[in-house]
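Working through the structure, step by step
Listed below are the residues making up each chain.
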Amino acid sequence: MSRTEGYLIPSLDRSHAGFYRCIVRNRLGALMQRRTEVQVAYMANFESGEKFLSVSQGNAAVIRAPRISTFPRPQVTWFRDGRKISPSGRIAITMENTLVILSTVAPDTGRYYVQAVNDKNGENKTSQPITLTVESAPADPIAPVIIIPPKNTSVIFGFPEVTMECVANARPLIKLSIIWKKDGVPFRSGFSDFHRKLTILNPKIRDAGYYECEAVLRSSSVPSVSAGAFLSVLEPPQLILEPEHHMTAEIEKVVDIPCQAQGVPLPVIYWYKDATLITRLNVPRYKVLSNGSLQISGLMPDDTGMFQCFARNDAGEVQTFTYLAVTSISPNITKGPSDSTVIDGLSVILSCETSGAPRPAITWQRGEKVLASGSVQLPRFTLLESGSLLISPSHISDAGSYTCLAINSRGVDEASGDLVVWARTRITNPPQEQSVIKGTMAVLTCGVTHDPNVVIRHVWQKDGAIIDVNAIPRMRVDEAGTLYISQTWSGDIGLYTCKVLSVGGNDSRSAQVRVRQLPHAPENLAAQLSTSEKRAISLTWSKAFDGNSPLLHYILEVSENIPTVPPGNVHTEAINSTTIRFTWTPPSPQFINGINQGYKVGVIGDHEEWLLVHQLANEPDARSLVVPNLNPFTHYRFRMRQVNIVGTSLPSQLSRKIQTLQAPPDMAPANVTLRTASETSLWLRWVPLPESEYNGNQESVGYKIKYGKSDGNGSTLSHIIQDRIEREFTIEDLEEWTEYRVQVQAFNAIGSGPWSPEVRGRTRESVPGPPVGILFPEVRTTSVRLVWQPPVEPNGIILAYQITYRLNTSNTNTATVDVLNPSTRQYTATGLKPECSYVFRITAQTRKGWGEAAEALVVTTEKRVRPQPPSKPVIQQQDVQSRNVLLSWEPGSDGLSPVRLNPFTSYKFRVKATNDIGDSEYSEESDSVTTLQADFFTPPKPPAEEKINGILLGYRIRYRELVYDSYKSFTLRSVNNPNAKWSELTLPTAPPQNVQVQSSTATQLDLTWEPPPPEAQNGDIQGYKIYYWEFQRQNETEKLKTLFLPETNVKLKNLTGYTTYLISVSAFNAAGDGPRSIPIRSRTQQAGVSKIVTVDVKGNSPRWMKIKDLSDGVTYTYRIKAKTYTYGPEIEANITTGPGEGAPGPPGEPLIYRYGSAITIHWSSGDAGKAPISRYVIEARPSDEGLWDILIKDVPKEVTSYTFGMDILKQGVSYDFRVIAVNDYGYGTPSSPSPSVSGNNTKTSALAHEEIMSLDNGRFPALELNNRRLSVKNSFCRKNGIYNR
């Protein structure tokens, strides 16, 4: 070290580069200064070897500078064939010195090299050449691509600037724009190098965040690309809590040296003692706390020294220090022993709390004798951690003076106290157990020995309760504590305890006192005729209380004085459903034969034994009583007995039969289950109430069903079932693919019982409604972009969207079709013809298929504007009829966009034109009219061609109803014909003709009809409404089904089996509904098997059969017998459909994948049930048949997928799959069906879900119960029209 306190490095070279610290030492310790960095400038050579690079024309060429070892970073210049390269709109030189040539062309071919100059030592180097070859390629547009993305960057707060970089390529390059954003917000300044660099001046903490560059190709539908990186603004550490530069602490104490810092990122705290990192000292007493402070426990003299705290992060470091001095203090007794008194045998603690550094050593003495210290401990004397002395147990001889000595290296301190030991109070003559004769005296002694200085007190207790001898004349206690009890009786029997209380201790002793008395009368005396003596009676009884003395003998007395007459005129009256009131007259006193002790009431129901239901004790004058807690709506009869001290009388005559009142049911229907029935219905089942729970007339018992959507939307509906034995109900008219919650309660004529627990179920999927909100935000001459929203009624999980578009003048066979992912909400159609009208149709798909389409028109032009308003509508009074009016107007310009129309009705009008850009201004209002009579008028001429400004698609009429010549609002109605000059609003005046209905199944009716006569249609029929209800229950069961197409047939499904329905049909047009047809009657078929079905099977057929179309949860009886020349005996078995107890649960929903001409079905395992799964069964069905057949019967239990060929499937037929697990308890619950797919063995467009198909390899006869016929099928495929075997 030189005298200037500097450090000289001779002959500096690269090995001397690094960080240096200065450490200062003196007698107090050592301090370490902040580090200093020494940098050494140098430059090596570029890596050797020529490199070659080739790119396709139009793409970007990225030429990275060859590697070179140098410090500091050199100034780099790029050359091509000897000419310097400067950045331009097509040339970028990155901050990493990478050369990027954008949108390369053939002339970019050449040899490139780089020259590096070290500013510190003046050296310069030139790299080997890099040969670039640009290969020819079509001059097609190239979508934007980011070549050099931004990198995560850190900058220290206070630096003047920081730069983010992003290089992108596209063709044409002139239309490429780079947009910089921070956390999604675009920048407006700070750009350089053609927006490829973003510079933030004087970066602050708030400038940290996510920076994104977006490359956009202007005037193009090609999507933009983006990339981003994080900018971190670092803040050097700052100390927010420092220790004082000099700290003093006592030896063996605990000291905390504070040190807290802040910064970005949060600094890490390092502690040094005398320039040495404390973690290297291996001193467990040194602990760095979570807040950064250093805690030293059990201070020692060696802990004296310099302690430094360094706070470091990526932005730098800061330090502080303190000098810690550890001191010692002479001992001081802060709490010495006090004079104490203790009872012989108990424990006592003599206090001695001290202070001092180092911690004083404690020694206890009595006189000159050492009792306890750090090295000495006598029996019964314990030195506690606090320095106090524990004596346990104490003896009389321990009385005396005790001294506590506190000693350390700085001196001695002492304190003394006296201990007094009292003799313990004890009962030496305890009470003894006694047995005295009733009426004599009992004496209980309680002699005590105690310390003469102690006053004692006697307390006597009986059975735990204190005896107050002053309140009981028969008892007294003398001075010696003896208890005297005179004139004893049975109430004196018990356990007596003597307690002695004193400051010298407490003691207690107990003794039992028994009083001998007369025995009680024998119990349960029974008499019966003797079997050996004709004039003798045998008596039996139970032993009663013996009076606390052995029995000597029994005395038998005979008497006939029991009541001989029962109460009379017994009447009953029902008060409520569970209570009856009694009245009666007592017997004559001459027949009571003693004192009337009370009455006994018995009850009996139908075919039951008599029961004692109530007893009036000690109420001989009672003449009525109320018998509670009976069963509602139950018959009872009663009889009575009376009792005196001798016994009980004979029963009275029977009361009349009486019935309790009715009450609401006390319980809810049990075992409520809910299953899916169809897209719009759920099947509810429950166990009816037992008759004993009706609580009322069985004819009034029924059930109420309450149901509503699980999400709480919509109203809660209910249905009443009057049949008390009904156990199921189909809830219909529900929304597709919606979860419902359902509850059931029983009711009778009095009221309703409790609701059952809530059950939930979901309806099946259906085809979706049309997508909504179709708009064309971007329209060009050759392309359009349309956006839409999902259907309001998805009716299931949307799997895909289908876009179809064509010229408005062409047929549907020339349309372009595209299938999109279900998450897509926009679509761009390109390659369109300019100035043409196109029709776009959008449909959504669920598992049930494609839904209703939404249509929209658009014109490929960039001249679209809002349409001009039509002229004022003209309405003449002679053109007003009772149900229609006549409007006329002149059209304005349609703005080269199709007009969208919405139909309504009204009485006063104004008109505006509409396209997808918007609405025109309204025309002037028409004159006021009222709907009375009408005349014709001459329609106006169409507008001139030059005023239309595009394709005129229609008009919009706005009208309102006049109320006392004033109006408030308008209603809209659309006229879709662009050539229309008038609009006539008239309803159909006749119903549909020739309505016919045919019963198809137990749940379906097929309905056909013909349209109304042409002269009564009054315009185009837009659809039909079908009204149907159960016979004689129209108000409760009427339902409506609407067809929005002019079809003349419909299938009414999900009906109740074997039920008569009435059906009526009406037609509607744009004006509204026409009259309904006369209702016609038809009845559905019986559900399930209502009679015995007999099937003959050939002897060479398989010995098993599949029975289809059974009802779930129903028990069927099967009988089988064999035949040679005649039938032999039969066997019989009952089988209940549905999985049995212990059978497996449903596997997961199957997933289907197609590989060429093969199909693979995957599933996941479900609940195994009460036994391991032994195999799986795969079933399949055509989607439109509804009947499942076995596809694969024995799939190993370890397998959860299966592959088969597609050549056995019928073209154009859709198939479903499901999987069933099997264990020792039988077949389990089937899985949910897979999505329905077509059996076409052709390559299809990729959808958001995989297609599925299935087959049946089983050979078995099948009995279909709906048509009562036997069909023998060789295979599933043959059933569906394919014969491949």
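An account of the accompanying structure is given in this report. Since this is a predicted model, take the numbers as computed values, not measurements.

Calculation notes
Residues numbered from 1 in each chain as written. Predicted model: local features only at pLDDT ≥ 70, side-chain atom pairs only at ≥ 80, totals over all residues. Heavy atoms only, no water. Salt bridge = Lys/Arg side-chain N within 4 Å of Asp/Glu carboxyl O. Helix = DSSP H or I, 4+ residues; strand = E, 2+ residues; numbered from the N terminus. Buried < 20%, exposed > 50% of the residue type's maximum accessible area, 1.4 Å probe, protein only. Pairing = 2+ DSSP bridges. Axes fitted to C-alpha atoms, helices over the stretch in contact; angles between N-to-C directions. Disulfide = S-S within 2.5 Å.

Looking at the pattern of salt bridges
Opposite charge on two side chains permits pairing when their charged atoms draw close. One pass over the structure, following the stated rule, counts 39 salt bridges. In this structure, Asp733 engages Lys1039 in a salt bridge whose closest nitrogen and oxygen atoms are separated by 4.0 Å. One end of the pair, Asp733, is in the loop between strand 68 (728-731) and strand 69 (739-747); the other, Lys1039, is in strand 86 (residues 1039-1043), and 306 residues separate them in sequence. Looking at Lys1039, the relative accessible area reads 17%, which means it is buried. Notably, a salt bridge pairs Arg1076 with Glu1038, separated by 3.1 Å at the nearest N-O pair. With Arg1076 in strand 89 (residues 1072-1076) and Glu1038 in the loop between helix 3 (1034-1037) and strand 86, this residue pair connects regions lying 38 residues apart in the sequence. Connected through shared salt-bridge partners, Glu739, Arg741, Glu758 and Arg760 make up one network.

Looking at the sheet that holds strand 27 (residues 255-257)
One open sheet accounts for three strands, arranged 27-32-31; its pairing is antiparallel. Two strands close off the open sheet at either side, each with one partner strand: strand 27 and strand 31 (286-288). Direction aside, neighbouring strands of the sheet carry axes that sit 25° apart on average. The pairing of strand 27 with strand 32 (residues 294-296) spans three bridges and is classified as antiparallel. Bridging across to strand 32, Asp256 finds its partner in Gln295.

Details of the state of the cysteines
Here a disulfide denotes one covalent bond, and it connects the sulfur atoms of two cysteines. Scanning the entire structure with this criterion turns up four disulfides. The residue that forms a disulfide with Cys259 is Cys309, at a sulfur-sulfur distance of 1.9 Å. Torsion about the S-S bond of the Cys259 and Cys309 cystine: about -70°, corresponding to left-handed handedness. Of this pair, Cys259 sits in the loop between strand 27 and strand 28 (260-264) while Cys309 sits in strand 33 (residues 305-313), and the two are 50 residues apart along the sequence. A sulfur-sulfur separation of 2.0 Å characterises the disulfide bridge that pairs Cys446 with Cys498. Because the torsion about its S-S bond is -85°, the bridge between Cys446 and Cys498 counts as left-handed. Within this pair, whereas Cys446 is found in the loop between strand 47 (442-444) and strand 48 (447-449), its partner Cys498 is found in strand 53 (residues 494-501), the two being separated by 52 residues in sequence. The exposure class assigned to Cys446 is buried, which follows from its relative accessible area of 0%. By relative accessible area, which is 0% here, Cys498 ends up buried. The connectivity of the disulfide-linked cysteines in the protein chain, indexed sequentially, is 1-2, 3-4, 5-6, 7-8.

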